[in-house]
Amino acid sequence: MDTINEDPIPCVECHAGVLQPRRVTYFTWLGRELITVPHFPAWVCDVCGRREYDERAIQWLNILLDPNAGKPTPSNRRTPPHPRPQTGIHPPMPES
Ligand SMILES: [Zn+2]
(Lines give C-alpha, C1' and ligand atoms only; values in the text may rest on other atoms or scores of the structure.)
Protein backbone atom coordinates (compact mmCIF):
# COMPACT_ATOMS: atom_id res chain seq x y z
CA MET A 1 0.00 0.00 0.00
CA ASP A 2 1.94 2.97 -1.24
CA THR A 3 -0.98 5.20 -2.06
CA ILE A 4 -0.94 8.58 -0.41
CA ASN A 5 -3.88 8.83 1.91
CA GLU A 6 -5.35 12.22 1.10
CA ASP A 7 -8.63 12.85 2.79
CA PRO A 8 -10.87 14.76 0.42
CA ILE A 9 -12.77 17.41 2.31
CA PRO A 10 -16.34 17.57 1.06
CA CYS A 11 -17.76 21.02 0.59
CA VAL A 12 -20.38 21.93 3.16
CA GLU A 13 -21.84 24.51 0.81
CA CYS A 14 -22.74 22.54 -2.28
CA HIS A 15 -22.08 18.97 -1.05
CA ALA A 16 -20.87 18.18 -4.55
CA GLY A 17 -17.41 19.64 -4.72
CA VAL A 18 -14.25 18.86 -2.86
CA LEU A 19 -12.07 21.43 -1.16
CA GLN A 20 -8.73 21.70 -2.91
CA PRO A 21 -5.62 23.15 -1.31
CA ARG A 22 -4.87 26.52 -2.84
CA ARG A 23 -2.82 29.58 -2.19
CA VAL A 24 -4.93 32.69 -2.07
CA THR A 25 -4.50 36.26 -0.99
CA TYR A 26 -5.97 36.66 2.46
CA PHE A 27 -7.47 39.97 3.50
CA THR A 28 -8.00 41.00 7.08
CA TRP A 29 -8.38 44.22 8.99
CA LEU A 30 -5.91 45.19 11.67
CA GLY A 31 -7.58 48.12 13.32
CA ARG A 32 -8.04 50.55 10.44
CA GLU A 33 -5.38 48.97 8.29
CA LEU A 34 -6.17 46.44 5.62
CA ILE A 35 -3.66 43.64 5.72
CA THR A 36 -3.16 41.48 2.67
CA VAL A 37 -1.36 38.19 2.98
CA PRO A 38 -0.35 36.68 -0.36
CA HIS A 39 0.05 32.94 -0.83
CA PHE A 40 -2.10 32.19 2.19
CA PRO A 41 -3.03 28.52 2.52
CA ALA A 42 -6.71 27.94 1.94
CA TRP A 43 -9.11 25.27 0.74
CA VAL A 44 -11.21 26.16 -2.25
CA CYS A 45 -14.18 24.17 -3.47
CA ASP A 46 -13.71 23.06 -7.06
CA VAL A 47 -17.42 23.36 -7.74
CA CYS A 48 -18.81 26.41 -5.99
CA GLY A 49 -15.59 28.18 -5.06
CA ARG A 50 -16.23 28.27 -1.33
CA ARG A 51 -13.10 29.20 0.62
CA GLU A 52 -12.03 27.66 3.88
CA TYR A 53 -8.92 29.16 5.35
CA ASP A 54 -6.43 26.97 7.10
CA GLU A 55 -7.26 27.18 10.78
CA ARG A 56 -3.70 26.89 11.97
CA ALA A 57 -2.59 29.51 9.47
CA ILE A 58 -5.28 31.85 10.78
CA GLN A 59 -4.07 31.34 14.33
CA TRP A 60 -0.49 31.88 13.24
CA LEU A 61 -1.52 35.06 11.48
CA ASN A 62 -3.41 36.33 14.50
CA ILE A 63 -0.35 35.81 16.66
CA LEU A 64 1.76 37.66 14.12
CA LEU A 65 -0.64 40.57 13.87
CA ASP A 66 -1.43 40.80 17.56
CA PRO A 67 1.71 41.05 19.69
CA ASN A 68 -0.46 41.13 22.80
CA ALA A 69 -2.01 37.75 22.09
CA GLY A 70 -2.15 35.68 25.22
CA LYS A 71 -0.99 38.57 27.36
CA PRO A 72 -3.11 40.84 29.50
CA THR A 73 -3.84 44.03 27.64
CA PRO A 74 -1.74 46.93 28.87
CA SER A 75 -3.69 49.65 30.60
CA ASN A 76 -2.21 52.37 28.43
CA ARG A 77 -0.18 52.27 25.29
CA ARG A 78 2.52 54.86 24.98
CA THR A 79 2.56 56.54 21.63
CA PRO A 80 5.89 58.12 20.74
CA PRO A 81 5.61 61.75 19.69
CA HIS A 82 6.03 62.45 16.03
CA PRO A 83 9.50 63.78 15.28
CA ARG A 84 9.27 67.31 14.00
CA PRO A 85 10.75 67.66 10.55
CA GLN A 86 13.61 70.07 10.22
CA THR A 87 12.47 73.17 8.43
CA GLY A 88 15.86 73.77 6.89
CA ILE A 89 15.38 77.50 7.28
CA HIS A 90 18.07 79.04 9.40
CA PRO A 91 18.25 82.68 10.40
CA PRO A 92 20.89 84.45 8.37
CA MET A 93 24.21 84.81 10.10
CA PRO A 94 24.89 88.42 10.86
CA GLU A 95 27.97 89.61 9.03
CA SER A 96 29.85 92.56 10.29
ZN1 LIG B 1 -18.81 23.73 -2.93
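Everything quoted here is computed from the prediction, not taken from an experiment.

Caption draft 1: Up close: the overall build of the chain. Helix and strand content of the chain: one helix and four strands. Ordered by position from N to C terminus, the α and β elements of the chain give β-β-β-β-α. Relative to its full complement of 96 residues, the chain shows a buried share of 3%.

Caption draft 2: Region of interest: the pairing of strand 3 (residues 33-45). In this structure, strand 2 (residues 18-30) lies alongside strand 3, joined through 11 bridges in antiparallel fashion. By the bridge assignment, R22 is partnered in strand 3 with A42. Taken together, strand 2 and the strand that follows it, strand 3, pair antiparallel across an intervening segment of two residues, in which G31 is found at a positive phi of about 65°. Pairing of strand 3 with strand 4 (residues 51-53) involves three bridges; the strand directions are antiparallel. By the bridge assignment, A42 is partnered in strand 4 with Y53. Hairpin connection, strand 3 to strand 4: the antiparallel pair is bridged by five residues, and G49 has positive phi, about 85°.

Caption draft 3: The arrangement of the environment of D54 in detail. Within the fold, D54 resides in the loop between strand 4 and helix 1 (55-65). With 15 C-beta atoms counted inside 10 Å, the residue D54 sits in the partly exposed group. Separated by 11 residues in the primary sequence, D54 and W43 place their C-alpha atoms 7.1 Å from one another. Excluding anything up to four places from it in sequence, D54 contacts P41 and A42.

Caption draft 4: The environment of P10, seen in detail. With respect to the helices and strands, the residue P10 is situated in strand 1 (residues 9-10). Judged by the 13 C-beta atoms lying within 10 Å of it, P10 falls in the partly exposed class. Taking the C-alpha atoms as reference points, P10 and Q20, separated by 10 residues in sequence, lie 9.5 Å from one another. Look past the residues within four positions of P10 in its chain and what remains in contact with it is H15 and V18.

Caption draft 5: How the structure looks around the pairing of strand 2. Bridge count for strand 1 against strand 2 is two bridges, and the pairing is antiparallel. Bridging across to strand 2, P10 finds its partner in V18.

Caption draft 6: Quick look at the sheet that holds strand 2. Taken in spatial order, the four strands of this open sheet run 1-2-3-4, and their pairing is antiparallel. At either end of the open sheet lies a strand with only one pairing partner, and these are strand 1 and strand 4.

Caption draft 7: View of unusual backbone geometry. Phi angles above zero are rare outside glycine, and H15 is one such case at about 60°. With respect to the helices and strands, the residue H15 is situated in the loop between strand 1 and strand 2. With a phi angle near 60°, H39 is a residue other than glycine that sits in the positive phi range. Following the sequence through the fold, H39 ends up in strand 3. Using a count of 10 C-beta atoms within 10 Å as the deciding quantity, one classes H39 as exposed.

Thresholds applied
- Residues numbered from 1 in each chain as written.
- Predicted model: local features only at pLDDT ≥ 70, side-chain atom pairs only at ≥ 80, totals over all residues.
- Helix = DSSP H or I, 4+ residues; strand = E, 2+ residues; numbered from the N terminus.
- Buried ≥ 20, exposed ≤ 12 C-beta atoms within 10 Å, placed from the backbone.
- Pairing = 2+ DSSP bridges.
- Contact = placed C-beta atoms within 7 Å.

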